[in-house]
Amino acid sequence: MQRPRAARSDQWRRAMRQPPRANDYRDCWCGDLLPADAGRRLRVAGWVHRRRDHGGLVFIDLRDRSGLLQLVFHPESRAAHELAHTLRPEHVISAAGTLRERDQENVNPEMATGALELDVSELQVLARARTPPFAIDEEQPIDELTRLRYRPLDLRRAPAARRLALRHELIALIRRLLHERDFLEVETPLLTRSTPEGARDFLVPSRLARGSFYALPQSPQLFKQLLMVGGIERYFQIARCFRDEDLRADRQPEFTQLDLEMAFVAEEDVIEVIEAVMAPVLELGGVAVAPPPWPRLTHAEALARYGSDRPDLRYGMEIADVSQLVAASEFRVFTAALQSGGVVRAINVGQRQLSRSALEGLNDVVAGSGAKAVAPIYVGAEGGAWTGNLARFFSADQVAAVNDALSARAGDLLLFVADEAAAAAAALAVLRAHFAEHFSLIDADAHAITWVTGFPMFEWSESDRRWVSLHHPFTAPALEAHERALLREDPASVRSRAYDLVLDGVEIGGGSIRINDAQLQREVFAAIGIDEREAEERFGFLLEALAYGAPPHGGIALGIDRIVAICSGSESIREVIAFPKTASGLDPLTGAPAPVDAAQLRELGLRQAGA
RNA sequence: GGGGGCGUAGCUCAGCUGGUUAGAGCGCUGCCCUGUCACGGCAGAGGUCGCGGGUUCGAGCCCCGUCGCUCCCGCCA
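Overview of the structure. If you're wondering where the values come from, they're calculated on a predicted model, not measured in any experiment.

## Comments concerning the pattern of salt bridges
Then, in step 1: A full pass over the atoms with the stated rule returns 41 salt bridges.
Then, in step 2: Close ionic contact of Arg-240 with Glu-254 constitutes a salt bridge, the shortest N to O distance being 2.7 Å. Of this pair, Arg-240 sits in strand E9 (residues 234-242) while Glu-254 sits in strand E10 (residues 254-263), and the two are 14 residues apart along the sequence.
Then, in step 3: Accessibility expressed as a relative area gives 42% for Arg-240, which makes it partly exposed.
Then, in step 4: The exposure class of Glu-254 is partly exposed, given its relative accessible area of 25%.

Written out as structure tokens, the structure reads:
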């Protein structure tokens with residue numbers, strides 16, 4: 001097998017801003033030394049990155065966070081030279097000597113300090129290292145389980161260190177920009193009470209109140225609203241959030257949000273702040289998006305044109321609704337779907353020839369979306385007439401109208417889905433994503449960001465047999481005071497004042513204008529089946545706070561992990577979290593979660609069920 | 001909860017249609033080497049083929065189960 005060439009450049013490492021305080025270990029960083037430093041007598045410390053032992057001369061590449069520096073051991077410095085033979089990768093050493101400029105022919109142009117080397121006269125081994133389970137000095141991909149099991153070693157590798165450094169830079173910028181805009185960073189409790197709506201809570205048993213439990217927060221939502229009532233006016237937090245649900249590449253049981261809330265604001269105020277903060281953050285992260293103001297799509301528009309409420313705008317193939325255009329056709333699949341209240345929608349895949357089996361395979365591609373089938377039609381060369389065995393069901397006028405709606409040209413492949421609106425949208429969204437991937441339509445450097453607004457306030461939950469909040473129950477409805485009866489009478493018609501931020505088809509944040517009136521909050525609770533008593537019991541503290549003069553307020557939460565993942569080109573947010581968990585919620589490093597002593601359980605008043 | 005992919009040396013992988021003693025590169029150990037920078041040379045060690053069961057004269061390979069990793073659906077306001 002061809003062995004991938006190890007990265008030889010350590011240029012990515014950021015220059016350290018100031019030298020370390022000189023002590024017994026070191027007085028300089030490795031990676032920052034310049035030719036002007038040649039001649040200095042200095043001491044460096046770090047890990048043995050690589051060793052090249054010639055028997056006579058010994059070369060060591062020494063690594064610290066700032067980068068690499070070559071150490072040379074000459075036989076003349078006998079003690080150091082002898083000790084140098086015993087060095088192995090990842091041993092921790094401190095070395096003192098004279099920094100020299102290398103002879104011209106010995107310069108390594110691929111190394112930031114490649115024109116320099118430290119002529120070592122004194123070597124101290126601070127710690128020996130076992131042979132690491134994988135090489136630190138290569139970029140070769142290692143099985144993720146192994147990396148997590150040995151995460152401290154993995155973090156020594158350049159890609160992991162680079163991602164953590166980027167994460168820090170982005171968060172530091174966020175803090176600075178929000179500080180400049182008069183936001184206060186306020187911490188909120190991690191031990192709080194369980195709330196009924198939303199994700200499953202992680203519970204923490206109470207020792208002092210036996211039989212009762214804290215919950216880890218799914219987000220600081222309620223606390224930030226209380227901070228608004230408390231007159232903080234502009235709050236933010238880099239907040240850890242916890243949700244006990246099944247995991248994905250972009251979901252961890254604990255994750256980090258930029259949580260933010262503002263008083264006396266409407267949608268535009270929150271959006272303006274986020275654009276002002278996130279534009280420079282994305283720029284620093286190397287993600288080039290259009291300058292603000294960023295585009296807005298309504299929820300309905302996003303579903304109609306892209307089939308998804310988090311549309312990926314990096315590629316075209318917009319969906320067109322052709323229901324009216326084919327209603328009079330002879331094609332029973334279409335007309336039957338329309339008669340039962342469904343829709344016929346299509347995308348134009350462009351000049352693509354797919355084999356018969358590939359076309360049939362599309363049915364499998366959309367299978368998970370609930371739609372039954374995909375009907376492919378090719379646009380022929382002659383005047384846009386359709387080819388294939390479905391063509392005969394459509395009149396020339398119908399063909400022309402559909403071609404027009406899809407901007408179809410000769411040779412284009414059109415894909416139709418006839419189904420209930422939601423299933424059709426989902427299927428076409430899957431097809432868009434499938435072809436974007438399959439035909440490599442997405443330029444690695446291309447990014448597209450958009451707001452999605454105008455969400456429905458509620459959606460019907462078939463499993464719970466009730467309306468549930470699409471965003472959360474504290475989101476304000478887009479209703480005038482005299483329209484409030486709609487919350488009871490026609491919940492489906494009510495829009496909320498929520499907004500999502502979508503980058504490259506990933507929901508990176510969402511927020512809303514909140515309810516600041518206790519009575520309206522009660523009515524919204526009632527609409528989702530939380531009666532007066534339950535509302536008082538679970539959310540009494542919120543209702544009480546709202547009753548004491550709550551300013552109009554709203555905010556947003558942005559997924560820091562997802563943002564850093566996109567900025568660093570990571571497939572999974574695990575890559576941008578120092579100590580992540582596996583897809584089954586385990587930490588291979590610590591072994592968490594783990595059983596506890598019976599005594600610990602007793603103290604908490606807990607007993608294991610069964611057994 | 002459901003579906004797909006993966007699991008062979010410390011790491012990354014190969015292993016044909018089921019057939020002799022399971023291989024490679026890197027790493028590791030020992031020796032040699034004074035200008036290397038993925039140093040080089042010589043020699044060597046290293047395997048519960050994830051685990052359990054089954055089929056077979058014979059299983060790394062086929063079947064069943066199970067565990068782990070991973071992706072997706074459900075779920076995640």
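Moving on from the model shown.
## Quick look at the nonpolar core
Then, in step 1: Judged by nonpolar contacts, the single largest core of 64 residues is most densely connected at Leu-178, Leu-260, Ile-274 and Leu-282.
Then, in step 2: It is helix H6 (residues 267-284) that provides the largest number of residues to this core, a total of eight residues.
Then, in step 3: Once you skip the residues sitting within four places of it in the chain, Leu-282 turns out to touch Val-287, Val-289, Trp-294, Ile-449, Leu-503, Ile-563 and Cys-567.
Then, in step 4: Among the nonpolar cores identified, the runner-up in size contains 24 residues, and Ile-319, Val-349, Ala-371 and Leu-428 belong to it.

## Digging into the environment of His-54
Then, in step 1: Considering the arrangement of structural elements, one finds His-54 in the loop between strand E1 (41-53) and strand E2 (58-64).
Then, in step 2: Using a relative accessible area of 57% as the deciding quantity, one classes His-54 as exposed.
Then, in step 3: Measuring from C-alpha to C-alpha, the distance between His-54 and Ala-276 comes to 57 Å, with 222 residues separating the pair along the chain.

## Examining the packing of aromatic side chains
Then, in step 1: Counted under the stated rule, the structure contains 14 aromatic pairs.
Then, in step 2: Geometrically, the ring pair formed by Phe-331 and Phe-393 is stacked, given 5.1 Å between the ring centres and 25 degrees between the ring planes. Of this pair, Phe-331 sits in the loop between helix H8 (323-326) and helix H9 (332-339) while Phe-393 sits in the loop between strand E15 (386-387) and helix H11 (396-405); the two residues are 62 residues apart in sequence, bridging distant segments of the chain.
Then, in step 3: Residues Trp-460 and Trp-467 carry aromatic rings whose centres are separated by 5.4 Å and whose planes lie at 75 degrees to one another, so their mutual orientation is edge-to-face.
Then, in step 4: Taking relative accessible area as the criterion, Trp-467 reaches 23% and is therefore assigned partly exposed.
Then, in step 5: Each member of the aromatic cluster is reached from another via a ring pair, and the members are Phe-331, Phe-334, Trp-386, Phe-393, Phe-394 and Phe-416.
Then, in step 6: Sitting over the ring of Phe-439, Arg-352 keeps its end group 4.0 Å from the ring centre.

## Some points on unusual backbone geometry
Then, in step 1: Of note, the bond from Pro-292 into Pro-293 is cis; its omega dihedral lies within 30 degrees of zero at 0 degrees.
Then, in step 2: Residue Pro-593 is reached from Ala-592 by a cis peptide bond, and omega for that bond is -5 degrees.
Then, in step 3: Among the secondary structure elements, Pro-593 is positioned in the loop between helix H16 (560-567) and helix H17 (598-604).
Then, in step 4: With a phi angle near 70 degrees, Glu-233 is a residue other than glycine that sits in the positive phi range.
Then, in step 5: Residue placement: Glu-233 occurs in the loop between helix H5 (221-229) and E9.
Then, in step 6: Looking at Glu-233, the relative accessible area reads 38%, which means it is partly exposed.
Then, in step 7: At Ser-407, a position not held by glycine, the phi torsion is positive, near 50 degrees.
Then, in step 8: Structurally, Ser-407 can be placed in the loop between H11 and strand E16 (413-419).

## Let's talk about the sheet that holds strand E12 (residues 320-321)
The strands making up a sheet associate through backbone hydrogen bonding, with each pair oriented either parallel or antiparallel.
Then, in step 1: If you walk across this open sheet you meet the five strands as E12-E13-E16-E14-E15, and the pairing is antiparallel. Unpaired on one side and paired on the other, E12 and E15 mark the two borders of the sheet.
Then, in step 2: Where E12 and strand E13 (residues 343-350) come together, two bridges link them in antiparallel fashion. The residue of E13 that forms the bridge with Asp-321 is Arg-345.

## Comments concerning the state of the cysteines
Each disulfide consists of one covalent bond between the sulfur atoms belonging to two cysteines.
Then, in step 1: This structure, assessed with the given rule, holds zero disulfides.
Then, in step 2: No disulfide involves Cys-28; its nearest neighbouring cysteine sulfur is the one of Cys-30, lying 8.8 Å away.

What counts as what
- The residue count restarts for each chain, going from 1 along the sequence in the order it is written.
- Ligands are numbered from 1 and chains lettered from A, in the order in which they are written.
- Where local features are concerned, this predicted model is filtered to residues with pLDDT of at least 70; where side-chain atom pairs are given and counted, the filter is 80 or more; whole-chain, interface and lining totals use all residues.
- The basis for the side-chain values is all heavy atoms of the structure; hydrogens and waters are excluded.
- Salt-bridge detection follows one rule: a side-chain nitrogen of Lys or Arg within 4 Å of a carboxyl oxygen of Asp or Glu.
- The helix and strand labels rest on DSSP assignments: H or I over at least four residues marks a helix, E over at least two residues marks a strand, and numbering proceeds from the N terminus.
- Here's how the labels work: a residue is buried when its accessible area is under 20% of the maximum for its type, exposed when over 50%, partly exposed in between, all with a 1.4 Å probe on protein chains only.
- What makes a nonpolar core is a set of buried Ala, Val, Leu, Ile, Met, Phe, Trp, Tyr and Cys residues whose side-chain atoms join them at distances within 4.5 Å.
- Note on contacts: a residue pair is in contact if any heavy atoms of the two residues lie within 4.5 Å.
- Here a pair means two rings of Phe, Tyr or Trp (six-membered ring of Trp) with centres within 6.5 Å. Their orientation is stacked below 30 degrees between planes, edge-to-face above 60, and tilted elsewhere.
- Only when the NZ atom of a Lys or the CZ atom of an Arg is both within 6 Å of the ring centre and within 35 degrees of the ring normal do we say a charge sits over the ring.
- We call two strands paired when DSSP finds no fewer than two bridges between them.
- Any cysteine sulfur atom paired with another within 2.5 Å is treated as part of a disulfide.

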